[in-house]
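# Structural features, examined
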Amino acid sequence: MEGAQNHRLQTTCITMADPTSREIESSELGARLQAARKAARITQEDAALAINVARTTITAIEKGDRRVQANELVVLAQLYGKSLNELVRAGVSSKPLAVQ
């Protein structure tokens, strides 16, 4: 019985969400992906080939009409030379920083 209670406590701790986190909107993530793709000078066609989808799917992802799948996001982040945090973390701007 004691082991079962410990397991439940561990499970509860693992599944509790960070109260400061928020889900990124599809349109915001799409804009970040588009900016990263353009900065890397990669075409929509090349991005589509990398994740095995049609070019129009990349367009839909970048417009926020289609949510990017986790495995697709990992491949695109690598292709664009970005970390996943840069693409999905709240408060991280997709705009390049200006040197002052």
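The structure we're discussing is the one just above.
First things first, this report covers the structure right here in the doc. (Residues numbered from 1 in each chain as written. Predicted model: local features only at pLDDT ≥ 70, side-chain atom pairs only at ≥ 80, totals over all residues. Heavy atoms only, no water.)

### Regarding the nonpolar core
- Counting residues in each nonpolar core, the largest one holds 16 residues, and the members touching the most others are L29, L33, V68, L76, Y80 and L87.
- Mapped by element, the contributors of at least two residues to this core are α2 (26-39), α3 (44-51), α4 (55-63) and α5 (70-80).
- Broken down by element, this core gets its largest block of residues, four residues, from α5.
- Residues within four places of L87 in sequence aside, it is in contact with I24, L29, R32, L33, A36, L73, A77 and K82. (Core = buried A, V, L, I, M, F, W, Y, C linked by side-chain atoms within 4.5 Å. Buried < 20%, exposed > 50% of the residue type's maximum accessible area, 1.4 Å probe, protein only. Helix = DSSP H or I, 4+ residues; strand = E, 2+ residues; numbered from the N terminus. Contact = heavy atoms within 4.5 Å.)

### Observations regarding α4
- Along α4, the positions that sit buried rather than exposed are T57, I58, A60, I61 and E62.
- Residue G64 follows α4 closely and has a positive phi angle near 85°.

### A look at unusual backbone geometry
- Unlike most non-glycine residues, R41 shows phi in positive territory, near 55°.
- Relative to the assigned elements, R41 resides in the loop between α2 and α3.
- One non-glycine residue, N52, lies in the positive phi region at around 60°.
- As for its placement among the helices and strands, N52 is situated in the loop between α3 and α4.

### A short note on the pattern of salt bridges
- Counted by the stated rule, this structure contains five salt bridges.
- Its salt-bridge partner being D65, residue K63 comes within 3.8 Å of it at the nearest N-O pair.
- With a relative accessible area of 54%, K63 lands in the exposed category.
- When its relative accessible area of 58% is taken as the criterion, D65 is described as exposed. (Salt bridge = Lys/Arg side-chain N within 4 Å of Asp/Glu carboxyl O.)

Take it as geometry only, folks, not as evidence of what the structure does.
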